[in-house]
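Spelled out from the first residue to the last, the chains are:
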Amino acid sequence: MNKQRLFQSMNQMYNYQIITPVIYYILIFIEFLQLLYYSINQSYLFKNGIFSYFKYIVQYFQTAYFINGATQSLQLTFLIIGFTITLATFILLIPILFAQKSLIQSYSLKTFNFMMVLMITILILPIFSVYLSSLSCSYVDCFSQIFIAYIILSIVGILLQAILVVFFEIFLIDFNPFSGNIDSSRYQKLNWIELGFKVLLPIYTIADQSQNAQTAFVGILTIFYLALLIFRLKTRQFIDNRVNILKICQTGLLFWFSFVAAAHGLLNQNPIDEMGFFYEIFCSPLVVYCCFKLTKSPQLDPHIRTEVELEETVQELIHLIEYRNRTEIRLKLEGFVKLHIKSCMKSLDNCPCSILHQDNLRADDSLPEKNQRWFSFVQSIIQNSPERLLTTRIQIIRAHILQQKLKNRFKAYYELASAMKNRVSFQEEFCIFRVQAQIESEMIDQDKNEDIDVQQIVNFQNLYIKFEALIEQSVNLHLDYWRELQEETPDIGKLQQLGTHITMSIDDSEILYDQLLEISSNHLKTLEIFGNFLFHVVNNDIEGQRILEKAEQIAKNLEVNKFFQNDKFKYDQNSNTTIVTCSINSLNLGHITNCNNEVSKLLGYKKQEIIKSNINRIMPKVLAQAHDDFIKNFVQTSQSKVLGIERQVFAQNKAGLLVSCSLMIRVLPNLSEGLRIVGFLKGTENSEAHYYIMFDENTHQILGFSKQVHDNFGIPLNVIQGYVELPITEITQGLLENISKNQVFKFIFDSTNLESNYQFVQDLSLDDLNVQEDPSQLLAPKESNYLIDNNLSYIEQSITQKREVNVVSNNRFKKAHMKGIIIEDQEYGTCKIKTIQFIEDVDDVPMKTVREQQLEHQQQQQEEIKFQIEQAKEQDVIQSEISGASASVNEEVRQIKEFKIQMGEKSEAKNVVMLNRVVIVLAISLIILASVQLGYRIQQNGQILDGQYTINTVYFRTSVLADVIFYTRMLNSMATDLTPYNQTIRDKLFLQANQLKDLQYSIIKYEIQMSSLNTLADDGQVKMYTLSANNTVSYNSEFNDAVFQVQGSASLVCNASLDSFVLTNSTQNTRTNVFIIIQNGYQAIRERAETVSQTYNNFYLNQINSYQTIYIVILTLAVLALVFAQFGLIPIVLKIHDINSNVMSLFGLLQPKDIKELADRCEQFKVDFFLLYDQQQYVDENIKKKKIEPIKANIIEINNEDVKIVTNNNISVINTPMPAKTSQPMIEAHEEIQQDYQQIRQQKLLNSKSSVKFAVTIKFLFIMGVFMAYFIINLVLEQQQIYDTQALYDHEKYVSQRPYFVKFSLYFAVEQMLGQFNLKESYIQRLYTNERNVTISLQNDFPSQFQQYIDTYVNFNIETMCLSFTTSQFANQQAACKKLLGGILDKGISNAITTLGLWVQQSQIGKQYLSSSELQDYISLVYYIDQATVYLNNIFLKATYDYTNYQQQVENVKYSIFIIFLFAVYIFIWRPYNNGLSKQIWRTKGMLNMIPFEMIKQQASLKNAFLKGNIIQAVK
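Residues numbered from 1 in each chain as written. Predicted model: local features only at pLDDT ≥ 70, side-chain atom pairs only at ≥ 80, totals over all residues. Heavy atoms only, no water.

**Re the overall build of the protein**
Piece 1. A count of helical and extended segments in the protein gives 50 helices and 15 strands.
Piece 2. Across the 1516 residues of the protein, 49% fall into the buried class.
Piece 3. Considering only residue pairs separated by 6 or more positions, the protein has 73% of its internal contacts joining residues 24 or more positions apart.
Piece 4. Accessible area for the protein stands at about 74,000 Å²; split by element, carbon and sulfur atoms hold 55% of it. (Helix = DSSP H or I, 4+ residues; strand = E, 2+ residues; numbered from the N terminus. Buried < 20%, exposed > 50% of the residue type's maximum accessible area, 1.4 Å probe, protein only. Contact = heavy atoms within 4.5 Å. Areas by Shrake-Rupley, 256 points an atom, 1.4 Å probe, with all protein chains shown as cover.)

Below, the structure is given as structure tokens:
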């Protein structure tokens, strides 16, 4: 969007002002209360009592009060409201900046204007406070998704708010929105300082919610408001006195409240009282009174020294003049005038102060002319000021005075143009634009009151010139096409390129044609040139004939309308009026900027010859010298006596002769290119029958004469050019004596003595001047070699004949009696110009001439009627012959006609529509497949993570179950005095029992989730044993119930007394619970727990592996979609290319004579419509009068099969001259050569079907391969992820089994000591096997996210475990760890496990060993290994989370790239390619349309190619 469009939109917004003074004052007051909140919202100010209500009232005007301590819902409400206001205001810019004038835009402008004022006054503080508070997580979890949403909305809102505020601050130059001035406030840095201050206030509120620095903050506010108040009192920021006083009072009150609050906080250390409120409230009127007194108007001093003083003086004078009916203001104003008169040395023209001082002017001072004198006085003060004081702002104010007060809009525009030459700021440029917009608006309103819409006529003429140029370009392209087709070896590529350009030019010309008809639907020239263009060049007979018939009907209607309403149609688009646009800007004063082609008919100039020339060029020299002064005076005064008035003038044509015209001048109401005037020149009717001569009455020197004087009396052009001085008295007798104003006078015109009295060479006539130009220059270079070659002989012959005639009739001097009248009598400087119109004084000449014209007109009508009768008879004969043709011929003709009609239709081709649908369906399919794939990958990553947690949990449950069993056994041993009592055992049993319960609940939750994914095998039942009356009883139980039973028994055991372990009749059933735990835990539950753990591990592995099948299915579907799409796309595209190639072969069937005829049509069209007037007249008079030997008529033979043209002339293709005397064998040989040449050329065109199948196929296959690669890469990555997951699961399995293998090895050794279970040997073997599996699993390539885990694991396993780490139940003490069993843990877990296994194998049987210290050390060793494994598993699970998160990010990025690439391919590859196909199809239709219907119908081979070659069906 350019700057002008932005200025225009903002200027329109100012025109839709809805803020009233009352509303604006209310907004300023609300803004005061918002700022006051920060000054009085201190904890030490009037907290109690009735005065606290004032504080509460002020708080309700500021959202910061509600935000502090707000709940999440309230904060969200404020955020949504603030963001909605900001976003809605921002969205309002769209229809304002980009939409055309409409009802929506008008309401948008009104709303936006209202929001603009609100945003800059009362909305910036609350909305910005809401955004800043939303960035704090004091009211919500800092890591929650809702807080992330808050941050996003707040950041976006802050950015939009910043853009809007800066935008408003730039364009809201007038801080008093209802003011009528363009620039009511001085744009200073103070505005930005205030804006920044408003932004900083909410930042402090959020940063210091506890008000720790409230006293210092209020002190800073006091200093800031004091500086702001001093600045506003020192410099008048707002010119409008009301706004200025209001802002000063606002700042003064804010300073006073802040000062009292700061003083109260610093001086009063007692409990809170109401003294601060007393001083703030009751002293406020005094503060306001002081502000009023301190506010003063600028001093009016005639001796102005600075630009600030000049601006303030001018603005104050404007204010005083507008309110001078008040006595005090009138006295002040008159006093300044008296002071000014004392130092004023200017003339009355430069300064009207002396007139203003006269006493008699005081009466009726309200009259408009006296009001203008006052503002003229202000304008003179600016004008007479030193140039260094005339800043851009001063020039804008001066332009505003000239335009609004003095009604001199053109001088105001000049002042603005002068201001633009300086370095202007963005805001000053906008002010200049606003004044220019007001000037243009006034010009448009004035133009609406006139009968002629000048802007519409000029716009139409400019568009029509483009239209003619485009038509001529298209005709040249057609000519180039037919000429290339006539070549011996036509360039196929060039022909196709020309066909594309031809089709595009026809489309563009149709667009311009429609635009022209929208402006003027009855413009004859547009209809005639476009109708003939379609009929003769494009060969669209039907549409062209329709337009020509419409033009003929409109021409008849216009003739009737002009007869009755001549004035209405005088300057319309059909009036053949010369329209000249002239600039009156200071840089190019009087320069012609544009004109239409009618200037060549009226004045003989080519359009290019006078563009950028001064308008004086087409005026008589005596008028040209004074014309620039006329324009300058018009600009200075904005007054003109001739503006909008039709008058008779004399223009000067290219030869320097006078041309009688009617002229009307209008100002163009459009300032886009500066000030411009438009002249409507129209030749005077019957001016050819009169003579015109212009002379100076003082010197009698002839200044100009018309073409009739030159041609009939031989007055040479040297006189006009100034080479020869010829007094009027030398060629007239009795003219000066008999001349009389407003009366007919008679005189004698005698030029016979010129040749004898003046020695100068007789110049040639105007016709001689015209024919002396090179004939080849009459036409454009492209057709000069063709059209001129064909007609050059006629042109040269005509020139020779013309010159011979001139030699014979060399002497044109003669004497005649004349009667005339003065038609112009003006004085220009020292010249007294008279222009007379005269005719020969022969009474019977007019009657005779009229009679002759009537007879000639009757003869022409009779001849035309005879010609129409003969033509109708010939058509009847032809129609009767055609009616005898067979029905098959008529059917073929009908098909070809329908085909030609379809060629002109602009409907989208069915193949292209099908291509688009296939591509869209394919794109949607690929997006769906990629989205489904992404969804499954998200689900897979989630299952990988869930599987890790689940597998770790179920294996850890077995480990915890082992601890519960073992600690139960140890507690039972303490009860039987086998081991000493240790409370730690009871505590650990309690912790492990509770942990087992939590683990069991988690596993049940995992089971529920797993059952929703797939059918999961039941954990099964176990055979449980219990004691009943000291007897062992077995029963079956679900595994989960069994685990809960063991956990419940353990919870009871850990709280039971030691005696209950021994007593059989104890009410606590401790012995039964111990039996359930040990007997079932070491047997059935242990075995089942291991089986269930393996089941879970296998389940998740199978789930992860199943995704590979899904990805293979997706890949297969994608491949099938792409392959099927290719089978649908490639044939259609190849078919389009084949059709495009086949079309070129049709032109090979055209006969050379047909091609030449088509080229001749284009050439004739250019001759008829694009030769300049003098060129056209020359061709008409010299070429068309040449008699051309008649060509023998073509005989149309019609049979039952075809319509053929038989001609007696053999048209030679190769323009080889035949000898004068040629034998019959030589003629036949020559004809055979010509026929062979024709066949060769036709065969080349017929074989021009270029094969693009391979290239098209490769392109489509490449794109298909790219998309297919995405799914293949996904499948490969899926296989890699499955491999990594398998390795991770295996390692997790082996590492999770390590703790309970270690525990059961030791625990079964203890059981063996007690003589119970003998399973330690099997577990020792399993322990060793598991250690080997752990070592092997570490050899796999783990993802990079597991590097920390691997490093920690290797360190723990091989180097030392005695490092600092913690778990939920353990904190490793490094000193104790290094002392345990001689520091075995300091050598790594692997050595510790090996040592433990060896000890277990060598352990002895006996209960006495239970209390040995060695056993206790190995129990501690197992505990250390278990907690280290828990710590490592936590790191492993964290790495798994990072790994799945990383994989998901990769998938998201990959999916995003795929979608972006898909859209990029569609937008940047497919759409251009599809548009190219559409252009090819349209080019094909356009090229087919170039072959006329008659040629297709008459030529059998061409007709068969259309009908039998499936061309019609293909194009359909």
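**Brief notes about helix H37 (residues 1039-1055)**
Piece 1. With 17 residues, H37 extends 25 Å from end C-alpha to end C-alpha; this agrees with the ideal 24 Å at 1.5 Å per step.
Piece 2. When we look at burial in H37, the residues that qualify are Phe-1039, Asn-1040, Ala-1042, Val-1043, Val-1046, Gln-1047, Ser-1049, Ala-1050, Ser-1051, Val-1053 and Cys-1054. (Expected span 1.5 Å × (residues − 1).)

**Some details on the sheet that holds strand S5 (residues 676-683)**
Piece 1. With antiparallel pairing, the five strands of this open sheet are ordered in space as S2-S1-S5-S4-S3. Looking at the sheet topology across the chains shown, the edges are occupied by strand S2 (592-595) and strand S3 (647-652). Strand-to-strand twist across the sheet, computed as the mean angle between neighbouring axes with direction ignored, equals 35°.
Piece 2. The strands that helix H20 (residues 454-486) touches are strand S1 (578-583), S2, strand S4 (658-667) and S5; relative to S5, the one it contacts most, it runs at about 75°. (Pairing = 2+ DSSP bridges. Axes fitted to C-alpha atoms, helices over the stretch in contact; angles between N-to-C directions.)

**Quick look at the nonpolar core**
Piece 1. Grouped together as the largest cluster of nonpolar side chains are 106 residues, with contacts concentrated most on Tyr-1082, Leu-1306, Leu-1385 and Leu-1421.
Piece 2. Examining the composition of this core, we find that 16 residues originate from one element, helix H35 (residues 910-975), more than from any other.
Piece 3. If we ignore the near neighbours within four places in the chain, the residues touching Leu-1421 are Leu-1380, Leu-1381, Ile-1384, Leu-1385, Ala-1392 and Leu-1396.
Piece 4. Counting residues in each nonpolar core, the second largest holds 69 residues, with Phe-377, Ile-381, Met-443 and Ala-651 among its members. (Core = buried A, V, L, I, M, F, W, Y, C linked by side-chain atoms within 4.5 Å.)

**Some details on the state of the cysteines**
Each disulfide consists of one covalent bond between the sulfur atoms belonging to two cysteines.
Piece 1. Per the counting criterion, the structure on display carries one disulfide.
Piece 2. The cysteine Cys-290 is free of any disulfide, with Cys-291 supplying the nearest cysteine sulfur at 7.0 Å.
Piece 3. The partly exposed category is assigned to Cys-290, whose relative accessible area is 37%. (Disulfide = S-S within 2.5 Å.)

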